[in-house]
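# Results of the structural survey
One-letter residues, chain by chain:
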Amino acid sequence: MATLKLLAVAINTQRMGCVFFAGHELKDWRAMTKPTRSQSDAAEALQRLINNFAPDVVVTQQHRSVQGKRFHNKDLRAALNRTAAQNFVLDVTIERPREFANKYEEASALAELYPELRHEVPPARRSFAHQPARLILFDALALAHQVLQRPTQQLAAAMG
């Protein structure tokens, strides 16, 4: 049986992160800033990732789940959803899991499960400091982890 290849992508107003799995093995991860400039940049970046990794499944966050005044985030996520849907991959769009008090606790917990990213866990920041760029990797990892933990539920829902 062939190994399922999964690409999970997270995006916000400042950066885009992705993680790539072959089966349950984390193979690659990236954090980028350019794709957040516009919807077309985001779509182009995802298309390049799909072309490079040739995933069977692309996991993105539901753009409807964006709260507050971050409409640019919503537009960027919608662009990712459209791009994934236009390719010959299974497009899994899910709600972002929120199981931890903050992103730093989540990053630490995920790094325990995926030690390859242990060095990417940033120290907790002070309230006035900017969020570290590499934290977006753990947003993507949380999406991938959710699908990998409940693959039949998530994949069956995506298949209709």
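Above this text you will find the structure in question.
Notes on the structure follow. Quick caveat: nothing in here was measured; it's all calculated off a predicted structure. For every chain, the first residue of the written sequence is number 1, and numbering continues from 1 onward in sequence order. Local features in this predicted model are restricted to residues of pLDDT 70 or higher, and side-chain atom pairs are both shown and tallied only at a pLDDT of 80 or more, whereas totals for entire chains, interfaces and linings draw on every residue. Values reported for side chains reflect all heavy atoms of the structure, with hydrogen atoms and water molecules removed beforehand.

### Things to note about helix H4 (residues 136-149)
With 14 residues, H4 should reach 20 Å at 1.5 Å per residue; the first-to-last C-alpha distance of 20 Å fits that figure. Across the 14 residues of H4, 13 count as buried, placing the element largely inside the fold. For the purposes of this entry, the term helix denotes a DSSP run of H or I that reaches at least four residues, the term strand denotes a run of E that reaches at least two, and both are numbered from the N terminus. A helix is expected to span 1.5 Å for every residue after the first. Accessibility here uses a 1.4 Å probe with only protein chains present; expressed as a share of the type maximum, an area under 20% marks a residue as buried, one over 50% as exposed, and anything in between as partly exposed.

### Here's the deal with the nonpolar core
Buried residues of nine kinds, namely Ala, Val, Leu, Ile, Met, Phe, Trp, Tyr and Cys, make up a nonpolar core once their side-chain atoms join them within 4.5 Å. One finds Leu-6, Ala-8, Val-19, Phe-21, Val-59, Phe-138 and Leu-141 to be the most contacted residues of the largest nonpolar core, which totals 27 residues. Where this core is concerned, the elements lending two or more residues are strand E1 (5-11), strand E2 (16-22), strand E4 (57-61), strand E5 (90-94), helix H3 (103-113) and H4. The leading source of residues in this core is H4, at ten residues. Core analysis: the second largest hydrophobic core is formed by 17 residues, Val-9, Ile-11, Leu-46 and Val-58 among them.

### Structural notes on unusual backbone geometry
A positive phi angle, near 50°, is found at Ala-54, a position not held by glycine. Tracing the sequence through the fold places Ala-54 in the loop between helix H1 (39-53) and E4. On the accessibility criterion, Ala-54 (42% relative accessible area) is partly exposed.

### Quick look at the pairing of E4
In terms of burial, E4 is largely enclosed, as five of its five residues are buried. In the sheet, E1 pairs with E4 via three bridges, with the strands oriented parallel. Among the inter-strand pairings, Leu-7 is bridged to a residue of E4, identified as Val-58. By the bridge criterion, five bridges tie E4 to E5 in an arrangement that is parallel. In this scheme, strands are said to pair when DSSP sees at least two bridges between them.

### Notes on the environment of Asp-28
Its place among the elements puts Asp-28 in strand E3 (residues 25-32). Its relative accessible area of 22% is what places Asp-28 among the partly exposed residues. Here the alpha-carbon distance between Asp-28 and Cys-18, two residues ten residues apart in the chain, equals 8.2 Å. The contact rule is simple, with two residues in contact once any of their heavy atoms fall within 4.5 Å. When sequence neighbours within four positions are dropped, the list of residues in contact with Asp-28 reads Cys-18, Val-19, Phe-20 and Phe-53. Pairing of N or O atoms within 3.5 Å defines a polar contact, subject to two protein rules: one partner must be a possible hydrogen donor and the other a possible acceptor, and residues neighboring in sequence count only if both atoms are side-chain atoms. Side chain to side chain, Asp-28 and Arg-30 meet in a polar contact 3.2 Å long.

### Remarks on the sheet that holds E5
With respect to topology, five strands assemble into an open sheet ordered E3-E2-E1-E4-E5, the strand pairing being mixed. Edge positions in the sheet fall to E3 and E5, since each of these pairs with one other strand and no more. Shown here is a sheet whose adjacent strand axes are inclined to one another by a mean of 15°, direction ignored. Here E2 runs beside E3; their pairing, made up of seven bridges, is antiparallel. Residue pairing across strands places Ala-22 opposite Glu-25, the latter belonging to E3. Orientation is described by axes fitted as lines to C-alpha atoms, over the contacting stretch for helices, and by angles from 0 to 180 degrees between their N-to-C directions. Packing against the sheet, H1 makes contact with E1, E2, E3 and E4, and its axis sits at approximately 160° to E1. Packing of H4 onto the sheet brings it into contact with E1, E2, E3, E4 and E5, and relative to E1 it is tilted by some 135°.

By themselves these figures say nothing about function.
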